Amino acid sequence: MRTFEDGKEHTAERAANTSKGVRILKIRTAPLTDESGATISVHETVEEGDMARLRELIGRTAQVNADTAKGLERLAEQYDYERLTP
């Protein structure tokens, strides 16, 4: 874990296959230090992606290929994210 190595906060995004399909996970780590500043533990949080993140990714795709982005938007609009996301 890089946080133990350098004592800094880190963020990474990963796609994970779950029973609800592919989910985008944002993983954040932060050091917990003692009085001398030495890292003694690491705090980790995991946050699931949401519709806003999906829209952001489709927007980035549109910059490269507008037709592909339109197809992704149509596909995304077919899902009831409020019902599918706990």
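In this report, we go over the structure that sits alongside the text. (Residues numbered from 1 in each chain as written. Predicted model: local features only at pLDDT ≥ 70, side-chain atom pairs only at ≥ 80, totals over all residues. Heavy atoms only, no water.)

### Here we look at the side chain of histidine 10
Working step 1: Tracing the sequence through the fold places histidine 10 in strand β1 (residues 10–18).
Working step 2: Side chain to side chain, histidine 10 and arginine 2 meet in a polar contact 2.5 Å long.
Working step 3: At 2.9 Å, the side chain of histidine 10 and the side chain of aspartate 6 are in polar contact.
Working step 4: Apart from residues no more than four positions distant in its own chain, histidine 10 is found in contact with Arg2, Thr3, Ile27, Arg28 and Thr29. (Helix = DSSP H or I, 4+ residues; strand = E, 2+ residues; numbered from the N terminus. Polar contact = N/O pair within 3.5 Å; in protein donor to acceptor, adjacent residues only side chain to side chain. Contact = heavy atoms within 4.5 Å.)

### Focus on the pattern of salt bridges
Working step 1: Considering all chains together, one arrives at 1 salt bridge under this definition.
Working step 2: Two residues, glutamate 56 and arginine 60, come together in a salt bridge whose shortest N-O distance is 3.9 Å. Taken together, the residues glutamate 56 and arginine 60, both in helix α2 (residues 51–64) and 4 residues apart, mark about one turn of the helix.
Working step 3: The class of glutamate 56 is partly exposed, set by a relative accessible area of 42%. (Salt bridge = Lys/Arg side-chain N within 4 Å of Asp/Glu carboxyl O. Buried < 20%, exposed > 50% of the residue type's maximum accessible area, 1.4 Å probe, protein only.)

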